[in-house]
Amino acid sequence: LWEGWSDYDTIETRFDRPVFGVTTDIMVKEWKDTLTYNLGLEYLYSDDLTLRTGYLYREGAVPDHTFDPSLPDADAHLLALGGDYGWGRYTLSLAYVYEWQEERDKETNLGASLGGTANGRYNSDIHFLAASLKMKF
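Residues numbered from 1 in each chain as written. Predicted model: local features only at pLDDT ≥ 70, side-chain atom pairs only at ≥ 80, totals over all residues. Heavy atoms only, no water.

1. Focus on the overall build of the protein chain
Inference 1: Counting its regular elements, the protein chain contains zero helices and 10 strands.
Inference 2: Ordering the α and β elements of the protein chain from the N terminus gives β-β-β-β-β-β-β-β-β-β.
Inference 3: Relative to the 2.2 N^0.38 estimate, which gives 14 Å for 137 residues, the radius of gyration of the protein chain is 21 Å and therefore markedly larger than a compact globule would have.
Inference 4: The principal-axis extents of the C-alpha atoms in the protein chain amount to approximately 65 × 30 × 25 Å. (Helix = DSSP H or I, 4+ residues; strand = E, 2+ residues; numbered from the N terminus. Rg over C-alpha atoms; globule rule 2.2 N^0.38 Å.)

2. Some details on the sheet that holds strand β5 (residues 49–58)
Inference 1: Taken in spatial order, the six strands of this open sheet run β1-β4-β5-β6-β7-β10, and their pairing is antiparallel. Each having just a single partner strand, β1 (2–3) and β10 (120–135) make up the two edges of the open sheet. (Pairing = 2+ DSSP bridges.)

3. Details of unusual backbone geometry
Inference 1: One non-glycine residue, Phe-20, lies in positive phi territory at about 55°.
Inference 2: Overall, Phe-20 belongs to the exposed group, its relative accessible area being 78%.
Inference 3: At Glu-30, a position not held by glycine, the phi torsion is positive, near 50°.
Inference 4: Among the secondary structure elements, Glu-30 is positioned in the loop between β3 (22–28) and β4 (34–44). (Buried < 20%, exposed > 50% of the residue type's maximum accessible area, 1.4 Å probe, protein only.)

4. Focus: the packing of aromatic side chains
Inference 1: The full count for this structure, using the stated rule, is seven aromatic pairs.
Inference 2: Pairing Tyr-37 with Tyr-57 gives two aromatic rings, centres 6.3 Å apart and planes at 25°, and the pair type is stacked. With Tyr-37 in strand β4 and Tyr-57 in strand β5, this residue pair connects regions lying 20 residues apart in the sequence.
Inference 3: Taking relative accessible area as the criterion, Tyr-37 reaches 43% and is therefore assigned partly exposed. (Phe/Tyr/Trp six-rings, centres within 6.5 Å; stacked < 30°, edge-to-face > 60°.)

Next up, the structure:
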């Protein structure tokens with residue numbers, strides 16, 4: 001899957017009153033287009049139970065020179081488990097996804113006109129849990 005992030009070039013903020021003597025701040029983003037690769041399996045265990053699993057690899061869109069911790073983007077690996085259990089008019093769906101983002105280092109300035117920095121080592125682990133109950137009428 002192709003994602004067209006390269007249109008996200010800059011964020012311009014205009015202040016009603018000067019902040020540190022500045023009335024406009026332009027943050028350069030220069031995000032890049034990315035690809036996502038995924039694979040999923042579904043197994044019909046019985047008429048009532050369907051099991052699912054999957055793997056996804058997502059390229060990070062944020063280049064090193066504009067990375068900041070407000071959006072910890074990196075190349076990521078996602079593992080998913082889930083399934084459906086049906087009985088009568090009802091179907092219960094459960095899913096769990098674990099996302100591990102590859103570690104990245106940052107050693108450049110952040111916010112050209114405000115002069116901040118976000119130097120450091122960043123890594124993220126994210127857990128997703130979803131449940132739904134469906135009823136047929």
